[in-house]
Amino acid sequence: MSKLGQVVESVETYNKFVLDQVKRARTDEKFGGELRGRWNDFKAKIPTTRTPTGLPLPRLALPEIDEPGEVARYLFGEGLPGEFPYLNATYREMYLEPVREIESFEKNGGKLDKSASRTDSSRGEKIPQVEEPTRLFSGLMLAEDTNERFQYLTRHQRTHRLSTAFDGPTLYGIDSDADGVFGKIGEGGVAIDTVEDMVRLYDGFDLGSTNFSASMTISGPAPIIMAMYIAAAKRRFGPRVVPKLRGTIQADIFKEVQAQNETIFPIEPSLRFLTDMVEFTTREMPRWYPISISGYHIGEAGSTPVQQAAYTLSNGFAYVEMFAGRGIPVDQFGPRLSFFLDCGLDAEYIALARVSRRIWAIGMRDVFGAGPKAQLYKLHTQTSGRSLIAAEFKNNLTRTATELILAYMNATNSCHSNSADEPFTTPSEEWIRLAAHGQAILLEESGIFKHTMNMLSGSPGMKAVERAVEAAILDEFREIERLGGVLAAVEERYQRSQIQNAAHRYEQQIYDGIRPIVGLNRYRDGDDDIPDVKLARTPRSKQQLQVDRLVKFKKKNAEKAKRALDKLAGAADGGENVFPALLEAAEVCSLGQITERLQEVVGRFRPMV
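All values derive from a computational prediction rather than experimental measurement.

(A) Structural detail: the sheet that holds strand β12 (residues 379-383). With respect to topology, four strands assemble into an open sheet ordered β10-β11-β12-β13, the strand pairing being parallel. Edge positions in the open sheet fall to β10 (291-294) and β13 (414-416), since each of these has one partner strand only. The mean inter-strand angle of the sheet, taken between neighbouring strand axes irrespective of direction, is 25°. Bridge count between strand β11 (residues 337-343) and β12: five bridges; the pairing is parallel.

(B) How the structure looks around the layout of surface pockets. Of the voids in this model, the second largest pocket is the one considered here, and its volume is about 670 Å³. Arg73, Gly77, Glu78, Lys463 and Glu466 are, among the 25 residues lining the second largest pocket, the residues nearest its centre. Counting only elements with at least two residues in the lining of the second largest pocket, the list comes to α1 (3-27), α3 (68-77), α14 (352-366) and α17 (460-482). A per-class count over the lining of the second largest pocket returns nine nonpolar, six polar and 10 charged.

(C) Examining helix α16 (residues 429-445) more closely. The complete set of buried residues in α16 reads Trp431, Ile432, Ala435, Gln439, Leu442 and Leu443. In this structure, the buried residues of α16 make contact with β5 (136-138), α5 (143-153), α15 (396-409) and β13.

(D) Region of interest: the pattern of salt bridges. Following the criterion strictly, the structure yields 36 salt bridges and no others. A salt bridge links glutamate 67 to arginine 26, with the shortest nitrogen-to-oxygen separation between them at 3.2 Å. Of the two residues, glutamate 67 is situated in the loop between β2 (56-58) and α3 and arginine 26 in helix α1; the sequence distance between them amounts to 41 residues. For glutamate 67, a relative accessible area of 29% gives the class partly exposed. On the accessibility criterion, arginine 26 (45% relative accessible area) is partly exposed. A salt bridge links aspartate 175 to lysine 554; its shortest N-O distance comes to 3.0 Å. Here aspartate 175, found in the loop between α6 (168-171) and α7 (195-201), pairs with lysine 554, found in helix α20 (residues 540-556); they are 379 residues apart in sequence, far enough to count as distant. With relative accessibility at 6%, the residue aspartate 175 sits in the buried group. Take lysine 554: its relative accessible area is 21%, and that puts it in the partly exposed class.

(E) Quick peek at the nonpolar core. Counting 155 residues, the largest nonpolar core has Tyr202, Ile225, Tyr229, Ile249, Phe317, Ile473 and Phe477 as its most contacted members. If one sorts the elements of this core by residue count, helix α8 (residues 222-237) sits on top with 11 residues. Residues in contact with phenylalanine 317, not counting those within four places in the same chain, are Leu4, Val7, Ile359, Trp360, Gly363, Met364, Phe368 and Phe477. The next biggest cluster of nonpolar side chains, apart from the first, holds five residues, and it includes Leu142, Val181, Ile185 and Val547.

(F) Highlighting a negative patch on the surface. Judged by side-chain charge, Glu392, Asp525, Asp527 and Asp529 come together as a negatively charged surface patch. Accessibility expressed as a relative area gives 31% for glutamate 392, which makes it partly exposed.

(G) Examining the confidence of the model for the protein more closely. Overall, the prediction assigns the protein a mean pLDDT of 90, with 94% of residues at 70 or greater. Looking at the elements of the protein, mean pLDDT is at its lowest for strand β3 (residues 119-120), recorded as 42, and at its highest for α14, recorded as 98. Here residues 101-108 is a poorly scored stretch, pLDDT under 50, and it has 15 contacts once near neighbours within four places are set aside; other chains count. Here residues 112-128 scores under 50 on pLDDT; set against residues more than four positions off or in separate chains, the count is 34 contacts.

(H) Seen up close, the environment of arginine 336. Its location among the elements puts arginine 336 in the loop between α13 (330-333) and β11. Judged by relative accessible area, arginine 336 falls into the buried class, the value being 15%. Taking the C-alpha atoms as reference, arginine 336 lies 28 Å from tyrosine 494; in sequence the two are 158 residues apart. Look past the residues within four positions of arginine 336 in its chain and what remains in contact with it is Pro286, Arg287, Trp288, Tyr289, Pro290, Ile291 and Lys378. In terms of polar contacts, arginine 336 uses its side chain to reach the side chain of tyrosine 289, at 3.5 Å.

(I) A look at helix α9 (residues 253-260). Burial of α9 is extensive: seven of the eight residues sit out of reach of the surface. For α9, the complete set of buried residues consists of Ile253, Phe254, Lys255, Glu256, Val257, Gln258 and Ala259. Each element contacted by the buried residues of α9 is listed here: α10 (267-284), β10, α11 (296-300), α12 (305-325), α18 (486-491) and α19 (494-512). Between the side-chain oxygen of the N-cap and the backbone nitrogen of phenylalanine 254 there are 3.3 Å, and the N-cap of α9 in question is aspartate 252. Of the residues trailing α9, asparagine 261 is marked for its positive phi of about 70°.

(J) Quick look at empty space enclosed by the protein. Evaluated as defined, the whole model comprises five cavities of 30 Å³ or more. Tyr408, Phe449, Asn454, Met455 and Ser457 are, among the 13 residues lining the largest cavity, the residues nearest its centre. Residues of the lining of the largest cavity, tallied by class, amount to nine nonpolar, four polar and no charged. Taken as a whole, the second largest cavity encloses approximately 80 Å³ of empty space.

(K) Examining the sheet that holds β5 more closely. Here we have five strands laid out as an open sheet, ordered β5-β6-β7-β8-β9, and parallel in their pairing. Each having just a single partner strand, β5 and β9 (288-289) make up the two edges of the open sheet. Here α8 sits on the sheet and contacts β7 (212-217), β8 (247-249) and β9; the angle it forms with β7, its principal contact strand, is near 150°.

(L) Looking closely at the pairing of β7. For β7, the tally of buried residues reaches six of six residues, placing the bulk of the element in the interior. Taking every second residue as pointing to the same face, both faces of β7 are buried, with Phe212, Ala214 and Met216 on one and Ser213, Ser215 and Thr217 on the other. Pairing of strand β6 (residues 160-165) with β7 involves six bridges; the strand directions are parallel. Following the sheet pairing, histidine 160 is matched in β7 by phenylalanine 212. Relative to β8, β7 is paired through three bridges, and the arrangement is parallel.

(M) Highlighting unusual backbone geometry. Phenylalanine 84 connects to proline 85 through a cis peptide bond whose omega is 5°. Tracing the chain through its elements places proline 85 in the loop between α3 and α4 (102-107). Its identity as a non-glycine residue notwithstanding, tyrosine 95 has a phi of 75°, on the positive side. Position of tyrosine 95 relative to the elements: it lies in the loop between α3 and α4. The backbone phi angle of methionine 141 is positive, close to 55°, even though this residue is not glycine. Among the structural elements, methionine 141 can be located in the loop between β5 and α5. Relative accessible area serves as the criterion here: at 18%, methionine 141 is assigned to the buried category.

Parameters at a glance
- Residues numbered from 1 in each chain as written.
- Predicted model: local features only at pLDDT ≥ 70, side-chain atom pairs only at ≥ 80, totals over all residues.
- Heavy atoms only, no water.
- Pairing = 2+ DSSP bridges.
- Helix = DSSP H or I, 4+ residues; strand = E, 2+ residues; numbered from the N terminus.
- Axes fitted to C-alpha atoms, helices over the stretch in contact; angles between N-to-C directions.
- 1 Å grid on protein atoms, 1.4 Å probe; cavity = no way out; pocket = protein on both sides within 12 Å on 5 of 7 lines; lining within 4 Å.
- Points joined across faces, edges and corners; volume = space filled by probe spheres on them.
- Nonpolar A, V, L, I, M, F, W, Y, C, P; charged D, E, K, R; others polar.
- Buried < 20%, exposed > 50% of the residue type's maximum accessible area, 1.4 Å probe, protein only.
- Contact = heavy atoms within 4.5 Å.
- Salt bridge = Lys/Arg side-chain N within 4 Å of Asp/Glu carboxyl O.
- Core = buried A, V, L, I, M, F, W, Y, C linked by side-chain atoms within 4.5 Å.
- Patch = residues over 30% accessible without salt bridge, like charges linked within 9 Å, V, L, I, M, F, W, Y side chains within 5 Å.
- Areas by Shrake-Rupley, 256 points an atom, 1.4 Å probe, with all protein chains shown as cover.
- Lys, Arg positive; Asp, Glu negative; His and termini not counted.
- Charge placed at Lys NZ, Arg CZ, Asp CG, Glu CD.
- pLDDT = per-residue confidence, 0-100.
- Polar contact = N/O pair within 3.5 Å; in protein donor to acceptor, adjacent residues only side chain to side chain.

In structure tokens form, the structure reads like this:
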């Protein structure tokens, strides 16, 4: 039995354990009494907060139960927020405003005292300033243009959480001066060819600050781009900044071959280079997440929600097995793994992330022997790009708002909200501002999430979805296990074929009217005119500037680049960890030069059809 088969077995075993605890609580008077005492004691210590209208609310909402069996079912089957198996939340508190004492509220005549001590009255602990979960995605034209957009997006944020989109040539490890590339430079993302571009991209941001993190959505050439990011940080802040760097790079090779094909080396060398990077960052960069295991692109390629979660989780467990096989301790790299799911409008999204969090925790603990920090399923969510419709596109504001509610009901750790104009173009400042405001309205203006944890969790409908989703995910695991595991299933093109079949069904349902899309196949106003949306295009002058800069960089570093590339090729050919050589090459070589030299050693990826 493979590790994935063991995960299925561990989840089933844990579910039986929960039922056994329920029965024990109902038959063992002492045990049942202890559980009730713990439950009542915890409820009594929950702080009370007040809404702006003065309504008192508990800081954490728990079900009104006192029967020992139901208490056992909740504590063991779900866990309190921040407790195993983490169904309700990764952390004890998320999204909440700082605690303000009721007495302070009342003494000030119903006004909140901003000077009141920000403590958890149940534990006497200081509550740190919470980090906004909003992380907006941006990338357009050249590095300085994307930097300008970053400055715009972070103008009103306490913490700077930048998520970076790269243009097509960069995603494929191709230089901007390559044949046939010119018209794609800076289209749909930012063009990054050299460490100098990377310096421009994050200019003005304190990369070593605790209030800064960078996310980079790139997988095929991820180790190269990661090396360039480190090199850029060292140029600005010196070598001591490296352990302070905070953020993530996607680097998910499995989802590329399953859904996207933005892979530049064959699968095995790609996984080797990824593991080399993970080994380095785990040792040298304790605040960095070296891989974002991504279901979003699986979902966008057409999968069902269950397929998205199942393939993401199974890919994650495969990475854990691979990194552990390199000899990296699971409790060192495990806390540095992160996940990325989309959130659409299907019913499964009511509980998809909650169930994923539970399965991950059980599998990591019981199969891989991971400690509490490595059991956490740290999740970034993006609202569904596939749900955005060009027809009557302003309806996309409502679609995204609904998806945001579902994402936060699932206690996502961070979130990106798509812009309504994305069916046409890279978002404009107007629409990206509205996308950001959608999250601000939900988290700050409304009271849905800022006063009470579990405000919308635990309904009978949510529980029914949880049970159905978990069973369906485990069924997918069994099929992947039958095929020989994740890598064997990839080679059989299992995940890709399933995604393609689901995508076809989805489109057929829209065509047949079974799946209603307002403004497209239902409630159309008859106006098929294309809306007047300004398209974001990279001027030819900027594209030429990028090429000129690259040519100048290559000429300046020609001799150093040759030596660095020779050293890199030697490391790759000799089976060494290539990341130290990548760090040297990133200083003097372009992305395309490094990619081409590595491809000479390990070959090129052949896309799957």
